[in-house]
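Residue-level structural notes
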Amino acid sequence: MEKRRLSFWEIWNMSFGFLGIQMGFALQNANASKVLLIFGADVHELSWFWIIAPLMGLIVQPVIGHYSDKTWGRFGRRKPYFLVGAILASIGLILMPQADIFIAFLPALWVGAGMLMIMDASFNIAMEPFRALVGDNLRTDQRTLGFSVQTALIGFGAVIGSWLPYVLTNWFGVTNEAAEGTVPFNLILSFIIGAIVLIVSILVTVTTTQEYSPEELASFDNESLDASSEEQSSLLDIFEDFKKMPETMRQLSWVQFFSWFGLFGMWVFATPAIAQHVYGLSHTDSSSAAFQDAGDWVGILFGVYNLISAFYAFALPRIAKKIGRKKTHSLSLIIGGLGMLSIYVMPDKNWLILSMIGVGVAWASILAMPYAILAGSISSKKMGVYMGIFNFFIVIPQIINALIGGPLVKYVYNDQAILALVMSGVSFLIAAVLVSKVKDVDDVIQ
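Residues numbered from 1 in each chain as written. Predicted model: local features only at pLDDT ≥ 70, side-chain atom pairs only at ≥ 80, totals over all residues. Heavy atoms only, no water.

Side note on the overall build of the protein
When its secondary structure is counted, the protein shows 18 helices and 0 strands. Of the accessible surface of the protein, which amounts to about 17200 Å², a share of 66% is contributed by carbon and sulfur atoms. (Helix = DSSP H or I, 4+ residues; strand = E, 2+ residues; numbered from the N terminus. Areas by Shrake-Rupley, 256 points an atom, 1.4 Å probe, with all protein chains shown as cover.)

Structure (structure tokens):
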């Protein structure tokens, strides 16, 4: 038997929930550092608060992947997980910027960090099954398109999330000013809107997408479904699966390591870096009007790279058919690395848009190409758990960066956060070189 070829709009609906997931994720990426600084965090401590995000991914995604591989019921295999994840993430989105309302019980900074943890755990619950769903439902020759459509929706959602605070203030007059220690209303309203969009977009996927049963998936792989072995499987099997991971995954792990080490540095330090290096502010300034403007401009820049990634994602399948997925990914990472490095020499804030175009090219490829390469080397029975294990190589570099990033800025970079972004650019270039070592077992070049 063979999987049915899906139309473009069926693939679009199947991935539509990523629009809301990434809108919430973008609101977090562009504004969490700003919110934590407002609540009293020191710039050198930011990466330690951000360690929550990769830790949640390290713990949650393999577990969710394992159990979603074993799940089948009236609501499907993957859909129950990303629906629950979306509900929990929405709660975190609404409460994080309003953490000061709990100040009678705990300091706002710690409540905010706790909401960040809930959001990250919930985004991971929702995100991993979406990756596995593409592997489940699409034929080999449609997987690059499937992950590219996901990337496009990620880009559109991230643009909306990144630009929303700026748009609310500059187009609709919502204030971005607030008393010291409180979050401006434009951010609070943005997070509430993000929570609503997240729930609605997930419901689109849940109501329009059908999943193959375990029996059907086994027939596609010419494998028998062994019920007794399914019943005997346990969570500890994750460690055995890790030891037996495909060769392609091992090779991709180093590419992912340096790609995500660079991304994490950008997400954590973009606001203080641009506030200091471009706006000329002190590294201790976290409350002035100029700092708020710098934070809003970072949101615009993040929206730019996500917008570029959304459109570049549609070109990825065509480019990959011409030159192969490996060369496509390597070239994209080089462009992103050069874009990141250029931030250091740009003369003013508007020129940073050009830097973000390069970053957007790399971001699109990072979200699509490794997964398209990986999916061809994995059995459908292990798609969820291996997509979750693959997340190790995304979160481990982020954890390392979280531990050393703050001390590097303070003691090595002499409080110049811009050098953390330079390090991110170098990491992208290293990842680009390592792509050549990867074996792509089902690449199709025409």
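A few points about the nonpolar core
Within the largest apolar cluster, 111 residues are counted, with the highest numbers of intra-cluster contacts made by I21, M96, M266 and W267. Here this core gets 16 residues from one element, more than from any other, and that element is helix α15 (residues 352-375). Here I21 is in contact with F123, A126, M127, F130, L198 and I202, once residues within four sequence places are set aside. Grouped together as the second largest cluster of nonpolar side chains are 6 residues, V60, Y81, A121 and I125 included. (Core = buried A, V, L, I, M, F, W, Y, C linked by side-chain atoms within 4.5 Å. Buried < 20%, exposed > 50% of the residue type's maximum accessible area, 1.4 Å probe, protein only. Contact = heavy atoms within 4.5 Å.)

Some remarks on the side chain of S201
Mapped onto the secondary structure, S201 falls in helix α8 (residues 185-208). S201 has contacts with F16, G17, L19 and G20, leaving out every residue within four places of it along the chain.

Regarding the pattern of salt bridges
Close approach of charged atoms allows side chains with opposite charge to pair. In the structure shown here, the tally under the stated rule is 2 salt bridges. The closest approach of N and O atoms between E10 and R4, which form a salt bridge, is 3.0 Å. A salt bridge links D136 to R78; the shortest N-O distance between them is 2.7 Å. Taken together, the residues span a long stretch of sequence, with D136 in helix α6 (residues 108-137) and R78 in the loop between α4 (52-70) and α5 (79-95) at a distance of 58 residues. There is no split in this pair, since D136 and R78 are both buried. (Salt bridge = Lys/Arg side-chain N within 4 Å of Asp/Glu carboxyl O.)

Regarding the packing of aromatic side chains
What the rule picks out here adds up to 16 aromatic pairs. The interplanar angle of 90 degrees and the centroid separation of 5.7 Å between the aromatic rings of W267 and W363 together place this pair among those described as edge-to-face. Here W267, found in helix α12 (residues 247-277), pairs with W363, found in helix α15; they are 96 residues apart in sequence, far enough to count as distant. In terms of burial, W267 and W363 fall into one category: buried. Of the aromatic side chains, those joined through ring pairs into one cluster are F25, W260, W267, F302, Y305 and W363. Geometry around W297 places K349 over its ring, the cationic atom sitting 4.6 Å from the centre. (Phe/Tyr/Trp six-rings, centres within 6.5 Å; stacked < 30°, edge-to-face > 60°. Lys NZ or Arg CZ within 6 Å of the ring centre and 35° of its normal.)

A short note on the packing of helix α7 (residues 143-170) against helix α13 (residues 289-323)
Taken N-terminus to C-terminus, the directions of α7 and α13 make an angle of 160 degrees; their axes are 7 Å apart at the nearest point. Here α7 lies roughly antiparallel to α13, going by the angle between them. Here α7 and α13 pass one another in a crossing that is left-handed. Looking at side-chain class alone, the contact of α7 with α13 contains 18 nonpolar, 9 polar and 1 charged residues. (Axes fitted to C-alpha atoms, helices over the stretch in contact; angles between N-to-C directions. Parallel < 35°, antiparallel > 145°, perpendicular 65-115°, else oblique. Left-handed = near helix turned anticlockwise from the far one by under 90°. Nonpolar A, V, L, I, M, F, W, Y, C, P; charged D, E, K, R; others polar.)

Re the environment of L408
Within the secondary structure, L408 sits in helix α17 (residues 392-412). Residue classification places L408 among the partly exposed residues on the basis of a relative accessible area of 26%. With 11 residues separating them in the primary sequence, L408 and L419 have C-alpha atoms 9.2 Å apart.

Some remarks on empty space enclosed by the protein
In total, this model carries 2 cavities of 30 Å³ or more according to the counting rule given. When its volume is computed, the second largest cavity comes out at roughly 80 Å³. Taken together, the residues of the lining of the second largest cavity sort by class into 7 nonpolar, 5 polar and no charged. (1 Å grid on protein atoms, 1.4 Å probe; cavity = no way out; pocket = protein on both sides within 12 Å on 5 of 7 lines; lining within 4 Å. Points joined across faces, edges and corners; volume = space filled by probe spheres on them.)

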